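# Secondary and tertiary structure notes
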Amino acid sequence: MSADPGFGVGRLHLLLLVSVLGVVGAWLMAAPAEMPAQFPMPAGKVYVNECGSCHTAFAPGLLPARSWRRMMAELEDHFGEDASLDEPQYFAILKELETLASDGSYADMRMRRISAALPEDAEPQRITGTSYFKKLHGQVSEAVWKRKKIQAPSNCVACHLQANKGRFAELEIRVPPAP
């Protein structure tokens, strides 16, 4: 049996390539919704010790590098507190934040979507103000945020027990009960 000379082997290969790319593309687009939310965290303890001593050590992949640069540049007035660092700590943390940011070199598809959802010139300082956060937490009532063990949307570790490790898997969420 011979191939249809009108169709051609080249066209057959092209059709096969387009089909494979379509399947792979569909798989990649669906992957973030099916994969547990896991964000890379800075290595070592400097970031968690310095930043996590006052609040959740936020996963750098939740904001773009430009946001982390601005935040680090304004540490003397960090949400009303002086969070200044000595120079070696400052540059070590800044480098890791930039590398692991939502538009950094380690960004996965979920992180790139977080970054792409922001205006190009935006430098958000609050993760809770991003469309990514709002989409995932939009159904949480104000009463839940005000619970004694939560107190604010920025207190990720209150419900996401592994947040300081960059893990936000749905199966690991434990919302503190109302008193």
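Within each chain, residue numbers correspond to sequence positions counted from 1 in written order. Thresholds applied to this predicted model are a pLDDT of at least 70 for local features of residues and 80 or more for the giving and counting of side-chain atom pairs; totals over whole chains, interfaces and linings are not thresholded and use all residues. Water and hydrogen atoms play no part in the side-chain values, which are based on all heavy atoms of the structure.

## Focus: the overall build of the chain
Numbering of helices and strands starts at the N terminus; helices are DSSP runs of H or I of at least 4 residues and strands are runs of E of at least 2. Looking only at helices and strands, the chain has seven helices and zero strands in total. Secondary structure elements in the chain, listed N-terminal to C-terminal, are α-α-α-α-α-α-α. A buried classification covers 32% of the 179 residues belonging to the chain. Contacts between residues were defined by any pair of non-hydrogen atoms, one from each residue, lying within 4.5 Å. For the chain, long-range pairs separated by at least 24 residues make up 58% of all intrachain contacts whose partners lie at least 6 apart in sequence. When accessible area is computed with a 1.4 Å probe and restricted to protein chains, residues below 20% of their type maximum are described as buried, those above 50% as exposed, and intermediate ones as partly exposed.

## Here we look at the packing of aromatic side chains
Each pair of aromatic rings taken from Phe, Tyr and Trp, with Trp reduced to its six-membered ring, is defined by centres within 6.5 Å and is described as stacked if the planes are under 30 degrees apart, edge-to-face if over 60, and tilted in the remaining cases. Throughout the structure, instances matching the rule amount to three aromatic pairs. Their ring planes at 80° and their centres at 5.8 Å tell us that Phe39 and Phe168 sit as a pair that is edge-to-face. Here Phe168 lies in the segment after helix 7 (142-145) and Phe39 lies in the loop between helix 1 (9-34) and helix 2 (46-51), a separation of 129 residues in the sequence. Ring centres of Phe133 and Trp145 lie 6.1 Å apart, and the angle between their planes is 25°; on these two criteria the pair is classed as stacked.

## Regarding the pattern of salt bridges
In what follows, salt bridge is the name for a side-chain nitrogen of Lys or Arg lying within 4 Å of a carboxyl oxygen of Asp or Glu. Enumeration according to the criterion identifies four salt bridges in this entry. The closest approach of N and O atoms between Arg66 and Asp103, which form a salt bridge, is 3.8 Å. Here Arg66 is found in helix 3 (residues 65-73), whereas its partner Asp103 is found in the loop between helix 4 (87-99) and helix 5 (109-116), with 37 residues between them in sequence. When its relative accessible area of 17% is taken as the criterion, Arg66 is described as buried. Among the residues examined, Asp103 registers a relative accessible area of 32% and is labelled partly exposed. For the salt bridge of Glu98 with Arg69, the shortest nitrogen-to-oxygen distance reads 3.2 Å. Residue Glu98 is found in helix 4, and its partner Arg69 is found in helix 3; the two are separated by 29 residues along the sequence. You can call Glu98 partly exposed: its relative accessible area is 26%. In this structure Arg69 comes out as partly exposed when scored by relative accessible area, which is 40%.

## A closer look at the environment of Ser102
With respect to the element layout, Ser102 can be found in the loop between helix 4 and helix 5. Distance in space between the C-alpha atoms of Ser102 and Pro60 is 6.9 Å, their sequence separation being 42 residues. Not counting residues within four places of it along the chain, the set of residues in contact with Ser102 comprises Pro60, Gly61, Leu63, Pro64, Ala107, Met111, Arg112, Ile114 and Ser115.

## A closer look at unusual backbone geometry
Although it is not a glycine, Phe79 adopts a positive phi angle of roughly 55°. Its place among the elements puts Phe79 in the loop between helix 3 and helix 4. Phi at Gln151 is positive, roughly 70°, even though this residue is not glycine. Residue Gln151 is classed as exposed on the basis of its relative accessible area, which comes to 61%.

## Looking at the environment of Glu96
By the element assignment, Glu96 lies in helix 4. When the C-alpha atoms of Glu96 and Met41 are compared, they prove to be 8.4 Å apart, with 55 residues separating the residues in sequence. Apart from residues lying up to four places away in sequence, Glu96 is in contact with Pro42 and Ala43.

## Here's the deal with helix 3
Of the residues making up helix 3, those classed as buried are Ala65, Arg66, Ser67, Trp68, Met71 and Met72. Buried residues along helix 3 sit in contact with helix 2, helix 4 and helix 5.

## Side note on helix 4
To estimate how far a helix should extend, the number of its residues minus one is multiplied by 1.5 Å. Between the first and last C-alpha of helix 4 there are 18 Å, a value that for 13 residues agrees with the 18 Å anticipated at 1.5 Å per step. Among all positions of helix 4, only Ile93, Leu94 and Leu97 are buried. Axial view of helix 4: buried residues confined to an arc of 105°, hence all on one face. Among the exposed residues of helix 4, those oriented more than 90 degrees off its buried face are Glu87, Pro88 and Lys95. Of the surrounding secondary structure, the elements contacted by the buried residues of helix 4 are helix 2 and helix 3. Polar contact criterion, stated in full: a pair of N or O atoms within 3.5 Å, where within protein one must be able to donate a hydrogen and the other to accept it, and residues adjacent in sequence count only if both atoms are side-chain atoms. A side-chain oxygen of the first residue of helix 4 lies 3.1 Å from the backbone nitrogen of Gln89; this N-cap is Asp86. Working note: the arc is built from the helix axis to C-beta atom directions.

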